[in-house]
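# Observations on chain architecture
Chain by chain, the residues run as shown.
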Amino acid sequence: MEKLFTTAFRIRTFESGGIKLYRQGLVRGYFHPSLGQEGIATGACAAIEDRDYIGSTHRGHGHCIARGAEIDGMVAELLQKRTGYCKGYGGSMHIADITKNNLGANGIVGAGTPLGVGAALANQVRGSDAVTITFTTDGATNNGTFLESLNLAAIWNLNFILIIENNQYAVSTTLEEATRDTDLYKRGEAIGVESHQIDGNDPLLVYETVLDAVKKCRSGLGPVLIEAKTYRHSGHHVNDPGKYMPEERLKYYMDRDPVDRARDNLIKLGKMSAEEVAKLEEEIQQEFDAAVDKAKNAGEISVEEFQEFVSAY
Amino acid sequence: MYREALREALFEEMELNDEVFIIGEGIAERGGSYKVTEGLLAKFGALRVRDTPISEASMIGVGVGAAIAHARPVVEILYIDFAMLGMDQIVNQAAKFRLMTGGEGRVPFVLRTQGGTGGGVAAQHSQSLEALFYHIPGLRVVMPSTPYDAKGLLKYALRQPDPVMFLEHKHLYMTKGMVPEGEFVIEFGKADIKREGSDVTLIAWSNMVPRTLEAAEALAEEGISAEVLDPRTLVPLDKDAILASVAKTNRVVIVQEAVRRGGVASDIASIIQQEAFYDLDAPVEIVAGMNTPIPFNLELEKASVPQTADIVAAAKSVLHADKAA
Ligand SMILES: Cc1ncc(C[n+]2csc(CCOP(=O)(O)OP(=O)(O)O)c2C)c(N)n1
């Protein structure tokens with residue numbers, strides 16, 4: 001319970017802080033926040049172990065943090081520093097701590113699904129019962145590789161869990177515009193894959209559903225598809241005001257904010273007092289601020305080092 | 001034979017390393033359309049030799065993902081033409097992962113496929129697309145022309161940490177040639193002089209090598225000594241060997257089956273003119289495929305790619321041998 005809240009709050013802090021850094025001109029390129037969607041990464045990653053794998057989307061900060069990445073390395077990556085997880089070569093859209101069996105964020109919508117099936121296949125070949133979770137998006141379900149690679153996972157009974165983060169938009173295109181049947185989990189059922197639709201804004205429910213899927217996979221009953229419904233709190237990326245998002249709908253989801261729900265759970269169940277939670281939040285904020293200070297003082301890879309690195313290309 | 005050499009390479013490497021496995025269409029029971037993987041299923045089992053549905057984009061992606069997760073996948077794509085369905089996974093995933101992860105992530109992935117013309121299989125089954133992959137930083141591009149090279153290079157490919165496009169040729173599978181007993185590998189980036197000569201350097205790869213050797217034979221009958229250089233791997237390219245040969249013969253013809261426009265030959269020519277300009281006694285000549293999709297009609301197919309006579313003529317033209325005769 002405490003972990004669910006800590007992770008969700010850490011993601012929120014990282015992304016809110018990252019947006020500020022972006023607005024100050026310190027972060028470049030694209031920055032896709034997952035504000036409002038933290039429950040999915042948080043719940044799912046809490047259900048797996050070190051030997052398991054995850055793969056991510058273009059909206060990947062949350063997955064990376066939930067998989068156990070240090071905030072230092074992540075902030076440094078945003079600021080293009082050599083101390084960043086990808087030494088400043090990857091950035092927000094490619095962020096990953098690959099030492100944590102994280103296949104990385106991906107700038108190509110839909111591309112992560114076959115990569116995740118590949119990791120699951122590698123583990124099957126080596127006789128490991130490790131599970132691979134791939135996070136994908138509603139937009140990606142209309143890409144051919146979604147069905148192709150889930151089908152491969154199915155015919156090979158791979159330990160593969162595909163989680164659709166259905167935030168109901170692909171940039172400004174609504175789910176209704178992109179597909180006739182908006183119940184995306186049915187696509188898994190159509191090819192014989194156990195499929196669920198759940199409230200993605202409930203971190204505890206995500207955790208329980210994924211935990212069950214992990215058990216099924218480890219006992220040879222994979223793959224499993226989970227459609228987790230959620231909503232973005234803001235536009236597609238930092239520079240998108242998201243004017244196309246109807247106010248009452250946004251309010252509906254704001255009232256079901258996954259971070260608030262994790263906090264309420266924690267307090268209601270008496271695991272922590274409101275004061276203790278406030279102190280925890282303070283600590284997480286300090287962790288982020290310290291990471292920013294550290295990253296600001298870190299160096300960048302020189303052009304000479306870069307040239308040396310790619311000389312074999 | 002070329003296809004047996006490839007099979008031996010796969011067999012040996014699969015024995016050496018449990019993490020090597022192969023996926024592709026009809027490669028298990030059937031042994032692949034070109035019979036390269038025959039017998040591997042019986043020896044290594046269905047976990048490591050497996051058939052896939054027709055899902056090229058995902059098969060390639062699955063291979064890349066497995067490689068990122070430290071296995072050693074070989075993905076066999078029936079025709080290079082079908083690799084186009086997986087271009088995202090090759091170009092945006094496999095080729096990029098190492099850099100994007102700051103050098104920490106590696107992609108030990110081998111994509112085996114075949115290309116080139118032959119037998120009237122027409123426009124969508126006859127392409128020579130090496131230039132597409134040559135263009136993408138982060139990929140290795142291998143094009144063996146002999147059984148010996150095929151085996152040594154494939155074994156080496158299976159020990160590489162980076163993605164390898166291993167491009168075979170449909171016309172070469174039945175080629176015979178010496179393959180020594182015992183363990184050997186051929187490093188990437190080492191050209192092979194397939195025939196020594198002193199008057200002109202003929203650079204060719206894949207199925208253009210046997211054709212160029214024929215041309216060299218014909219030239220020899222006319223008293224012209226042609227050197228035939230096979231780079232074997234286009235990336236990395238053995239520039240030193242090319243420049244050394246140019247320094248020796250002072251004349252160059254580059255032969256490629258792929259279309260002329262935007263090809264590897266043009267790039268090699270530009271390297272030569274930049275780095276060996278003063279060694280040249282004549283402009284670099286390129287003999288290449290026409291800028292056309294490959295027609296079905298056999299005579300037209302032949303007309304669209306370099307033939308022995310074209311190579312002979314080009315060699316003579318850089319030697320001004322026509323005038324001398
Ligand atoms: C193959 C591909 N096409 C288009 C894009 C541009 N693009 C980036 S994000 C995005 C929308 C994605 O929406 P969705 O997949 O639902 O994910 P979300 O942003 O909602 O998390 C698009 C079209 C891309 N990155 N990759």
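Here, the structure is the one placed above.
Residues numbered from 1 in each chain as written. Chains lettered and ligands numbered in written order. Predicted model: local features only at pLDDT ≥ 70, side-chain atom pairs only at ≥ 80, totals over all residues. Heavy atoms only, no water.

## Some details on the interface of chain A and chain B
- Contacts between the two partners involve 34 residues from chain A and, on the opposite side, 40 residues from chain B.
- Of the roughly 3100 Å² buried between chain A and chain B, counting both surfaces, carbon and sulfur atoms make up 65%.
- Joining chain A to chain B, the criterion identifies two salt bridges.
- With a closest N to O distance of 2.8 Å, Glu104 of chain B and Lys87 of chain A form a salt bridge.
- Viewed at the interface, chain B and chain A are joined by 13 residue pairs in polar contact (both at pLDDT 80 or more).
- Counting residues per element, the ones that place at least two in the side of chain A that touches chain B are helix H5 (112–125), helix H6 (144–155) and helix H13 (303–309) of chain A. (Contact = heavy atoms within 4.5 Å. Buried area = accessible area lost by both parts, 1.4 Å probe. Salt bridge = Lys/Arg side-chain N within 4 Å of Asp/Glu carboxyl O. Polar contact = N/O pair within 3.5 Å; in protein donor to acceptor, adjacent residues only side chain to side chain. Helix = DSSP H or I, 4+ residues; strand = E, 2+ residues; numbered from the N terminus.)

## What about the nonpolar core?
- Core analysis: the largest hydrophobic core is formed by 78 residues, its most contacted members being Ile90, Phe133, Ile254 and Ile272 of chain B.
- Ignoring sequence-local partners within four residues, the contact set of Ile254 of chain B consists of Ile203, Trp205, Ala265, Ile268, Ala269, Ile272, Val284, Glu285, Ile286 and Val287 of chain B.
- Ala41, Ala47, Ile54 and Tyr85 of chain A belong to the second-largest nonpolar core, a separate cluster that totals 48 residues. (Core = buried A, V, L, I, M, F, W, Y, C linked by side-chain atoms within 4.5 Å. Buried < 20%, exposed > 50% of the residue type's maximum accessible area, 1.4 Å probe, protein only.)

## Overview of the site of the ligand
All names here are of chain A.
- Taken together, 14 residues are adjacent to the ligand, and His58, Arg59, Thr137, Asn167 and Tyr169 come closest.
- The side chain of Asp138 places a nitrogen or oxygen atom 3.1 Å from an oxygen atom of the ligand.
- Burial of the ligand by the surrounding chains reaches 71%, relative to a free accessible area of 580 Å².
- Counted by class, the shell around the ligand contains six nonpolar, six polar and two charged residues. (Near = heavy atom within 4 Å. Areas by Shrake-Rupley, 256 points an atom, 1.4 Å probe, with all protein chains shown as cover. Nonpolar A, V, L, I, M, F, W, Y, C, P; charged D, E, K, R; others polar.)

## Structural notes on the sheet that holds strand E7 (residues 224–229) of chain A
Residues and elements named next belong to chain A.
- Ordered in space as E1-E2-E3-E7-E6, the five strands form an open sheet in which the pairing is parallel. Two strands lie at the open edges of the sheet, namely strand E1 (53–55) and strand E6 (194–199), each paired on one side alone. Across the sheet, the mean angle from the axis of one strand to that of its neighbour is 20°, orientation sign disregarded.
- Of the strand pairs in this sheet, E1 and strand E2 (residues 132–137) are connected by three bridges, and their pairing is parallel. By the bridge assignment, Tyr53 is partnered in E2 with Thr132.
- Lying over the sheet, helix H2 (residues 38–46) contacts E1, E2, strand E3 (160–166) and E7, oriented at roughly 170° with respect to E2. (Pairing = 2+ DSSP bridges. Axes fitted to C-alpha atoms, helices over the stretch in contact; angles between N-to-C directions.)

## Let's talk about unusual backbone geometry
- At the junction of Gly222 of chain A and Pro223 of chain A, the peptide bond is cis and its omega measures out at -5° in the coordinates.
- Omega for the peptide link from Val235 of chain B to Pro236 of chain B comes to -5°, which places this bond in the cis form.
- Here Pro236 of chain B shows up in the loop between strand E10 (233–235) and helix H9 (239–249).
- Despite not being glycine, Lys35 of chain B shows a phi value in the positive range, around 60°.
- One non-glycine residue with positive phi stands out, namely Asn250 of chain B, at about 65°.
- Relative to the helices and strands, Asn250 of chain B resides in the loop between H9 and strand E11 (252–259).

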